[in-house]
Amino acid sequence: MDTARPPDSAQTHTKTRSKHPLWRLVPLIQRNGRRFWGGMALINTGRLLEAFMPLCLKMGIDRMAAGDTRLAFPALAILGLMVLRYFSFNFGRRFVREVGVEVAFEMRQRLYWHLELMGPKFFAGFTTGDLMARAINDITLIRQMVGLGTRLLFVLGFSGIIAFIFMLNQSASLTLLLLPALPFIAIFGFVLANRIFTQSTIVQQGFSDLSAQVQENLNGIRTIQTHVQEAHEIRRLNDTSSRYASDYYRLMFSNSALNAGMLAITGFTTLLIVGFGGAQVIAGTISVGTFTAFIFYLGMMLSPVKEGGVMVTLFQRGGSAAARIFEILDHEPEIRDADDAAPLDTIGGSIKMRGLSYRHVGRGKEREGGWPALSDITLDIKPGEMIAVLGRVGSGKSTLLRLMVRLLDPAPGTIFLDGRDIRMLPLAQVRSQVTLVPQDPFLFATRLGHNISYDNPERAIEEVWEAAQSADLETTIRRFPERLETQVGERGVTLSGGQKQRASLARGLIRETPVLLLDDCFSSVDTETEEFILSRLKTLRAGRTTIMVSHRVSTARHAGRIIVLDQGRIAEMGTHQELLQRNGLYAALERAQGQREALTQTLEKSGAIEAEDAS
Amino acid sequence: MSGSKKDYSIFEDDIDIRKFDLKLIWRLTHWIAPYRKQMLIALGLVLLAASAAVLAPVVVSRVVVDGILLPASGTPAPDFGQKALTLWLHKVTGLQPLVAACGLYAVWILLWALFGHGFRIALASAVLRGLRDLRRDLFEHLEHLPSSFYDRVAVGRVMTRLTNDIETLFELLAGFGVLLGEFVPFFIAITIMLALNPALTFELLAILPLAAIATVIFRMVSGTVYRLIRSSMSRLNENLQENLSGIEVVQLYGREELNYETYSAINKENRDQENRAIKIESYYGPSMDSMAFIAIATIIWFGGHNVLSGTATLGSIILFAQFADMLFRPIVAMGDQWNVVFRAMASCERIFQALDWDEALKIPENPVPLPADLKGEVSFQHLDFAYVAGSPILKDVSFTIAPGEKVAIVGPTGSGKTSLIRLLCRFYDVAPQSILIDGIDIMDIAPGDIRRRIGVVLQDFHIFSGSVYDNIALGNPTITRADAERAAQLVHADGFISTLPQGYETQLIERGRNLSHGQRQLLAFARVLAMNPDILILDEATASVDTETELVIQDALKKVTAGRTSIIIAHRLQTIREADRIVVLTQGKIREIGSHEELMALGGTYKTLYELQVQDVTSM
């Protein structure tokens, strides 16, 4: 399937959860079943062709021993076998590996689309690093299992059988001699392979511990140097590093022992052939050629056994990788369209809240209870209003905004947009009509212009400039040599906190949606700029609904109505003047902040004056 | 001094080495050298193992086939003492010659397995220990690089040198062992073959260039594809990472489908490249094991005629057939190691880049120890400072803090407050005689000595994963649990700590993300008090701490600064008024300095400021 169309989300979580993760990969392989089984058939044909080589060798040797000069036939037959075998293997291996790549491709597609649909509860449980590790390492492991592990599995079985049949055909008694050795090989191989698997898990864990320790140390290097803990940290890292080295050594030891043991066992099996086969040659029951052919068949039967350890590891790792991927895919989207959701034709921007409450999910043991973020909020917002929401840290301001765009899901019948329960509207419509500019001004590592027109890359450049101007970012952009084409992020310019915030604001403003929600978007912007942006915003948003969350009284002053939240409840509501007169929470916040703001402003001004004096 | 012209951008560059540079790899021997005993043992063992590996088939072909099964055939050819050994075994033990030969064969197999195992583990032991030492040296170096380095270079760029890059070197050195394990038997086998039948050996060696050419062509063709795969893979990961970091924006702005399309396009590109690489590999891989077939056909044809003409024994032909496989393995192994070698050279380059980075604080040769009973006088004398030459941060700052005095520094963002503190803590070099503690120039004191006596709560403090106690004691064994608890009580942190599931033993996750910001700050505070510093510095972080926590911190502040030389960067009028003296800093210069009363009398910035706030408060 080559379409870039997102897979049907219902398909991404199958109802086969109880099945072993490996079984759940089977349908993916079966989608390319013809290529997969065709490849397998070709590989095993190659193996079968290989089995004829010792026969040619036998013929050659027997003819040599008999003084027969007709050696061209065996020599040419071997070359002929080689050519056929070459193409069997070439295409067979290629087909099987391509299926591995295809499965990996498909898994990536599904995983990506699935992650696009996940909500905040999901992302609270899985860190970006963890998800990245799954997307990169686990999918690679699955690819290796499908592309190589399955091949080794089938070859192991088939080669053994072929070699056995051919040997039986040559000398039944010699073949039966080998039987007692086989269980030893199997037991030894599987015991060590298991041990290697455990040890390599320890080594991998050791490596991530080491990385975590190094990372944490370097992130906190200032604290470490301040507290003169360098020596202690070096000791600690040396301990981890030495433990890692000795774990690794144990793994290498087992690996090498598996090698040596397999060598010894196969060597001793050959010994049986040399001894008993030799005796049979002397007795005249078999020829020297048969004797030689036997030694080659033995190698053919045992070489896949030597790779048995690799195969087991591939399957074990692939299995746990598949489990980790399906663990993600099994999470159903927390927030999705209701079955009977229907869009509204136009959105005017009136918002109604009726007894809105919300509890945050707790972590770990307290997951059941959680703690209340909002309690019983009832509120009516008319289209075109400009509202400020104020309150202390943790009073529920951000939660309120996030509920309005369904980043968190409100209870049914608690939030209404233009009179319709927002849960009955398609998610896409809510989010295209209600814009939330989040608290954290996240910018993508792309061009600045693309960041601003993020919702629709097709926007006209004039629109982008206009939005930039509204967010007071225009002059900043004009200072960059590449203007809107300026690359931001790790490989480009590093923007200051205030610049990022304004870019994020521009990204929200450009959408001109009926409802705009600003979550503390001025915290890194100085007051003067904030004044400028807010006054522009008033004209820009005239007739449209705007709700601003802030912890600054200076921001709130601009709003037509101010709502003060305290412990998840509406504590006060009214205009700036009304609330000051009330002398409640708002007035107290105003006093506390007034001090700090005045201090900063005065100092900034005096600094500016001095700078002017100096110049 | 500061502002040295160092090119930090080398840490950002992607290193892609295409030319073979042995010097890079040679430098690694410095870390392997201490384990040369193991390396020599490994070398000895690989020779022994290879000899045993080659002698085992000699027993089968020359002794069993030529000597026992077909005693009449062929001319006398070298058997490397194997016949004599078998005969000796036969005489000593009285076993039949065939059984004796089998016994000898068993001995060689056993020795091959044992010596081979010994070789691999001796090599692993030397390499793992050598790289562990390299990691230690690099870490030690990084741990002592000054702040000016970490100001400029992203931690992630440094970190991978200690982890992934060293891991790549392990691959390289392990691969070196693999090569050794293939080449040594190869040469021994060639020697034996030359001794047995030089003509046939040369005929077989003629096939080698074929394999070599195939390998070179494969490398050339696949090199580009591999590079493309690496690039599309990293774009794929970058795309996903960005999408995950910005998932909220993605969902809020309805970009899910568009992003999915972009990702799909890269994913497809990557799949097609992978398939191209597979195609190339599928042509190459089976061609290498086809070489053995060509060799066997050659042996039957040419060797067979030698047997018929009596110039070769049948046994030696069987021996050649057994060696056929061994001839091509070194070439295959070399092909396999090719990529590793180039990746390892890039890793070496990165590691040595960091290791050779010679940025360091000026450490006095004969440091003056700070007295045990430090009075705590801090004096700044005409202090100038710039992180980057040409943009000064501090200009001619002079003032003295008397022992036990409490000084508040006020100033807008960027005025140099934090820099002043970082200089005092000796994170940077300063001009001689510009900062003095108890009259001693800080440039004459060991930086560690200074930092042990100054307790500083930085704005960007770090909470480590580990217990609450670990985070207060920070590895200092002299800070007992009781000390830690006392310090926590002092800053009112004991309240929240006692509500944690395991109190002081509660494990915190990295950066203390399972605590609130205020709680983290209290912990950082307690950590500094636990070391009972002679001089206390607080860089008050006020960004998003709620008012209640702030009040708690203020209260704690009053207690711990009593009688101790303290420097406080403050925003709150309350804190500022309580200081003995106030320094108003703007644009790196001291604008006003004096007690609250003095500054009020002066009628400058501070007075304006104060009146503004008082007015604000009384107007309520």
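Quantities reported herein were computed from a predicted structural model and do not represent experimental measurements.

### What about the overall build of chain B?
A count of helices and strands for chain B gives 23 helices and 12 strands. Computed over C-alpha atoms, the radius of gyration of chain B comes to 37 Å, more than 25% over the 25 Å expected from 2.2 N^0.38 for 620 residues, which places it beyond the range of a compact globule. In terms of principal-axis extent, the alpha carbons of chain B reach across some 125 × 60 × 50 Å. Residues classed as buried in chain B amount to 43% of the 620 residues present. Contacts in chain B between residues far apart in sequence, at least 24 positions, make up 77% of those at least 6 positions apart.

### Description of the overall build of chain A
Within chain A one finds 22 helices and 10 strands. Residue burial in chain A is summarised as follows: out of 615 residues, 45% are buried. Intrachain contacts of chain A at a sequence separation of at least 6 include 79% that bridge at least 24 residues.

### Structural notes on the environment of B:Leu538
Residues and elements named next belong to chain B. Relative to the elements of secondary structure, Leu 538 occurs in strand S9 (residues 535–539). In this structure, the C-alpha to C-alpha distance between Leu 538 and Leu 179, residues 359 residues apart in sequence, is 59 Å. Not counting the four nearest positions on each side in its chain, Leu 538 is found in contact with Val 457, Leu 557, Ile 568 and Ile 569.

### Remarks on the packing of helix H3 (residues 36–69) of chain B against helix H5 (residues 97–143) of chain B
Residue and element names in this part refer to chain B. Orientation of H3 relative to H5, taken along the N-to-C sense of each, is 160°, at an axis distance of 7 Å. Taken as axis vectors, H3 and H5 run roughly antiparallel relative to one another. For the pair H3 and H5, the crossing hand works out as left-handed. Classifying every residue of the contact of H3 with H5 by side-chain character gives 30 nonpolar, 4 polar and no charged.

### Here we look at the interface of chain A and chain B
Taken together, the contacts link 113 residues of chain A with 121 residues of chain B. Top element by residues in the side of chain A that touches chain B is helix H10 (residues 230–283) of chain A. It accounts for 27 residues. A per-class count over the side of chain A that touches chain B returns 66 nonpolar, 30 polar and 17 charged.

### Re the confidence of the model for chain A
Residue and element names in this part refer to chain A. Across chain A, the average pLDDT comes to 83, with 90% of residues at 70 or higher. The low-confidence segment residues 9–16, where pLDDT is below 50, has 11 contacts with residues more than four positions distant or belonging to other chains. Note that pLDDT drops below 50 for residues 362–369; the model gives that stretch 5 contacts with residues more than four away or on any other chain.

### Things to note about unusual backbone geometry
Residues and elements named next belong to chain B. Notably, Asp 396 is not glycine yet its phi reads approximately 50°, a positive angle. Along the chain, Asp 396 turns up in strand S2 (residues 394–401). Residue class for Asp 396 comes out partly exposed when judged on the 14 C-beta atoms lying within 10 Å of it.

### Considering the confidence of the model for chain B
Residue and element names in this part refer to chain B. The predicted model of chain B averages 84 in pLDDT, with 92% of residues at 70 or higher. Note that residues 616–620 has pLDDT below 50 and, in this model, 7 contacts with residues that lie over four places away or in other chains. Our summary of model confidence lists the complex with pTM equal to 0.77 and ipTM equal to 0.84.

### Overview of the sheet that holds strand S10 (residues 565–569) of chain B
All names here are of chain B. The strand order across the open sheet built from 6 strands is S6-S9-S10-S3-S11-S12, with neighbouring strands paired in mixed fashion. Each end of this open sheet is capped by a strand with a single partner; those strands are strand S6 (454–457) and strand S12 (589–594). Neighbour to neighbour, the strand axes of the sheet diverge by 15° on average, direction disregarded. Here 4 bridges tie strand S3 (residues 406–410) to S10, and the two strands are oriented parallel to one another. Across the sheet, residue Val 407 finds its bridge partner in S10, namely Ile 567.

### Some remarks on the sheet that holds strand S3 (residues 386–391) of chain A
Residue and element names in this part refer to chain A. The mixed open sheet is built from 6 strands, whose spatial order is S6-S7-S8-S3-S9-S10. Looking at which strands have only one partner, the edges of the open sheet turn out to be strand S6 (434–437) and strand S10 (569–574). Recorded for the sheet is a direction-independent mean angle of 20° between the axes of neighbouring strands. Pairing of S6 with strand S7 (residues 515–519) involves 4 bridges; the strand directions are parallel. Bridge assignment links Leu 436 to a residue of S7, and that residue is Leu 517.

### With respect to the environment of A:Pro441
Residues and elements named next belong to chain A. Among the secondary structure elements, Pro 441 is positioned in the loop between S6 and helix H15 (448–452). Taking the C-beta count within 10 Å as the criterion, Pro 441 has 22 such neighbours and is therefore assigned buried. A sequence separation of 159 residues divides Pro 441 from Ile 282, and the C-alpha atoms of the two residues are 87 Å apart. Once you skip the residues sitting within four places of it in the chain, Pro 441 turns out to touch Lys 500, Gln 501, Ala 503 and Ser 504.

### Re H10(A)
End to end, H10(A) covers 78 Å across 54 residues, agreeing with the expected 80 Å (1.5 Å per residue, within 8%). A:Gly284 lies just past H10(A) and shows a positive phi near 85°.

### Side note on the nonpolar core
Counting 142 residues, the largest nonpolar core has A:Ile78, B:Val59, B:Val64, B:Ala101, B:Tyr105, B:Trp112 and B:Ile296 as its most contacted members. Of the residues forming this core, the biggest block, 24 residues, is contributed by H5(B). Judged by nonpolar contacts, the second largest core, of 116 residues, contains A:Ile328, A:Leu401, A:Leu516 and A:Leu518.

### Quick word on the packing of helix H10 (residues 208–245) of chain B against helix H13 (residues 314–355) of chain B
Residue and element names in this part refer to chain B. One way to put it is that H10 packs onto H13 with a least axis distance of 10 Å and a crossing angle of 15°. When the interaxial angle is binned, H10 and H13 end up roughly parallel. In the crossing of H10 with H13, the sense of the turn from one axis to the other is right-handed. Note on element contacts: H13 touches H10 through Leu 327, Phe 328, Ile 331, Gly 335, Trp 338 and Asn 339, opposite Leu 208, Ala 211, Ala 212, Thr 215, Phe 218, Arg 219 and Tyr 226. Across the contact of H10 with H13, the residue classes break down as 9 nonpolar, 3 polar and 1 charged.

Here is what the cut-offs are and how they apply
Residues numbered from 1 in each chain as written. Chains lettered and ligands numbered in written order. Predicted model: local features only at pLDDT ≥ 70, side-chain atom pairs only at ≥ 80, totals over all residues. Helix = DSSP H or I, 4+ residues; strand = E, 2+ residues; numbered from the N terminus. Rg over C-alpha atoms; globule rule 2.2 N^0.38 Å. Buried ≥ 20, exposed ≤ 12 C-beta atoms within 10 Å, placed from the backbone. Contact = placed C-beta atoms within 7 Å. Axes fitted to C-alpha atoms, helices over the stretch in contact; angles between N-to-C directions. Parallel < 35°, antiparallel > 145°, perpendicular 65-115°, else oblique. Left-handed = near helix turned anticlockwise from the far one by under 90°. Nonpolar A, V, L, I, M, F, W, Y, C, P; charged D, E, K, R; others polar. pLDDT = per-residue confidence, 0-100. Pairing = 2+ DSSP bridges. Expected span 1.5 Å × (residues − 1). Core = buried A, V, L, I, M, F, W, Y, C linked by C-beta atoms within 7 Å.

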